[in-house]
Amino acid sequence: MECYPYPLKPPSTYTIFFEKERQKMPTLDEILNMRYSCRDYDSRPVSEGDLTAICEAARLAPSACNSQTWRFVVVRDRNLISRVCDEAMRPVIRNQWMKEAPVLIVGCSKLDILANKIGSAVTGIEYYQIDLGIAMEHMVLKATELGLGTCWIGWFKEEKIKEILGIPGIIRVTALLTVGYPGTGVSAGKKKKSLDEIVYRDQWGLR
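As the structure is a prediction and not an experimental result, all values here were calculated from the model.

With that out of the way, let us pick up unusual backbone geometry. At Cys65, a residue that is not glycine, the phi angle is positive and equals roughly 55 degrees. Topologically, Cys65 is positioned in the loop between α3 (48-59) and β1 (70-75). Not every positive phi belongs to a glycine, and Asp202 is a case in point at roughly 70 degrees. Mapped onto the elements, Asp202 comes out in the segment after α8 (195-198). Overall, the relative accessible area of 84% leaves Asp202 in the exposed class.

As structure tokens, then:
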């Protein structure tokens, strides 16, 4: 029998189970590498538990002055998703593949006075857009961890989205996110710039 020197104790059954489960979990680096813009979905529904986990990931995101201005409309009604696709997409890029996605998350913002009115007026930076971007990226990474595919969509008519989903006029709609299990199509991936092309040291242009 193995002895544990004081003050260490033998690991509990729970600790052993947790460590085994943790070893199965993908690392953040693995999740970042697995993520891609999925435009092909199968018919499997996304569970309520997974949707809750995805929304919880967004809730934990940082925001300017902790304003938490983000709001999300989780759409699973097939007719509504079809209407958004048919009526609210801008010309040329119609994104008809959206109709296959079992879930469409509409990223909205309810602007506050301090960060989004006064702060943006002073700096010219639209903080609500940054905050929503961070929150939705949390969603994307959590979905990837859960084995789900996502695609970020920004080519749409905001007012039409509001009309279809009953979103109040004062709310901003900045992004759409499709969520579902990837179909049979395999993503070829996109070539990413090297670090040398995007990172400078201390001053612009210095590497």
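So, next bit.
With that out of the way, let us pick up the packing of aromatic side chains. One pass over the structure, following the stated rule, counts 2 aromatic pairs. The aromatic ring of Tyr181 is capped on one face by Arg44, whose charged end is 4.0 Å from the ring centroid.

Relative to the helices and strands, Pro102 is located in the loop between α4 (78-87) and β2 (103-109). Taking the relative accessible area as the measure of exposure, Pro102 reaches 12% and is therefore buried. In this view, Pro102 contacts Tyr41, Asp42, Arg44, Val46, Val75, Arg76, Arg78, Ile81, Val179 and Gly180; residues no more than four positions away in its chain are not counted.

Right, let's get into the pairing of strand β3 (residues 149-153). In terms of burial, β3 is largely enclosed, as 4 of its 5 residues are buried. As paired strands, β3 and strand β4 (residues 172-180) are joined by 5 bridges and run antiparallel to one another. Along β4, the bridge assignment pairs Cys151 with Thr178.

So, about α4. Of the positions making up α4, those classed as buried are Ile81, Val84 and Cys85. Viewed along the axis of α4, the buried residues span an arc of 95 degrees, placing them on a single side of the element. Those residues of α4 that are buried are in contact with β1, β2, α7 (158-165) and β4. Among the residues of α4, the N-terminal cap falls to Asp77, whose side-chain oxygen and the backbone nitrogen of Asn79 are separated by 2.8 Å.

On to the pattern of salt bridges, then. Side chains carrying opposite charge are able to pair once their charged atoms draw close together. Overall, the coordinates contain 11 salt bridges when judged by the stated rule. Here Glu87 and Arg83 are joined by a salt bridge, their closest N and O atoms 3.0 Å apart. In this pair, Glu87 and Arg83 are both assigned in helix α4, 4 residues apart and thus about one turn of the helix distant. Residue classification places Arg83 among the partly exposed residues on the basis of a relative accessible area of 33%. Here Glu163 makes a salt bridge to Lys160, at a shortest N to O gap of 3.2 Å. In this pair, Glu163 and Lys160 both sit in helix α7, 3 residues apart, roughly one turn of the helix. Sharing partners across several salt bridges, the network here consists of Arg83, Glu87, Lys160 and Glu163.

Quick notes on the rules
Residues numbered from 1 in each chain as written. Predicted model: local features only at pLDDT ≥ 70, side-chain atom pairs only at ≥ 80, totals over all residues. Heavy atoms only, no water. Helix = DSSP H or I, 4+ residues; strand = E, 2+ residues; numbered from the N terminus. Buried < 20%, exposed > 50% of the residue type's maximum accessible area, 1.4 Å probe, protein only. Phe/Tyr/Trp six-rings, centres within 6.5 Å; stacked < 30°, edge-to-face > 60°. Lys NZ or Arg CZ within 6 Å of the ring centre and 35° of its normal. Contact = heavy atoms within 4.5 Å. Pairing = 2+ DSSP bridges. Arc of directions from axis to C-beta. Polar contact = N/O pair within 3.5 Å; in protein donor to acceptor, adjacent residues only side chain to side chain. Salt bridge = Lys/Arg side-chain N within 4 Å of Asp/Glu carboxyl O.

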